[in-house]
Amino acid sequence: SSKTFWTTTGMFPQELIIGFPKCVKISKVSIQCYLVRTLRIERSTSKDPVGFEQCVEKDLQHREGQLQMEEFPLPEFQATYLRFIIKSAFDHFVSVHRVMAEGT
């Protein structure tokens with residue numbers, strides 16, 4: 001729902017893990033967030049959420065009063081879990097409003 005969101009507790013880094021029912025091929029990840037400064041995306045192909053490897057890390061642009069909408073085109077790779085690590089922020093609290101992974 002676009003009316004719900006996940007918010008941090010004020011200390012960094014913060015992480016959010018998304019699991020898929022099985023290993024999937026992903027070609028692009030998109031995120032809608034607010035006040036995130038540095039974001040890292042990692043993946044795991046394990047049955048459990050362990051053994052993550054970094055896919056991308058990016059400093060996001062600050063957009064006062066607006067959601068940040070970022071797309072991360074990724075080479076086709078497989079993942080069972082995606083871990084989003086918010087390493088730093090423009091404020092004490094940030095929010096994640098939507099995460100989308102495209103692929104098969």
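Here, every reference points to the structure presented above.
Notes on the structure follow. Note that the structure is predicted; figures quoted are calculated from it, not measured. (Residues numbered from 1 in each chain as written. Predicted model: local features only at pLDDT ≥ 70, side-chain atom pairs only at ≥ 80, totals over all residues. Heavy atoms only, no water.)

## Considering the nonpolar core
No. 1: One finds L39, I41 and L82 to be the most contacted residues of the largest nonpolar core, which totals 21 residues.
No. 2: Secondary-structure elements contributing two or more residues to this core are strand 2 (14-34), strand 3 (36-44) and strand 5 (68-89).
No. 3: Looking at this core, the element that brings in the most residues is strand 5, giving eight residues.
No. 4: Each residue touching L82, except ones within four places of it in the same chain, is listed here: L16, I17, I18, F20, I26, V29, I41, E42, R43, F52, F77 and A101. (Core = buried A, V, L, I, M, F, W, Y, C linked by side-chain atoms within 4.5 Å. Buried < 20%, exposed > 50% of the residue type's maximum accessible area, 1.4 Å probe, protein only. Helix = DSSP H or I, 4+ residues; strand = E, 2+ residues; numbered from the N terminus. Contact = heavy atoms within 4.5 Å.)

## Structural notes on the environment of G51
No. 1: By the secondary structure assignment, G51 is in the loop between strand 3 and strand 4 (53-59).
No. 2: With a relative accessible area of 60%, G51 lands in the exposed category.
No. 3: Once residues lying within four places of it in the same chain are set aside, the contact partners of G51 are R43 and S44.

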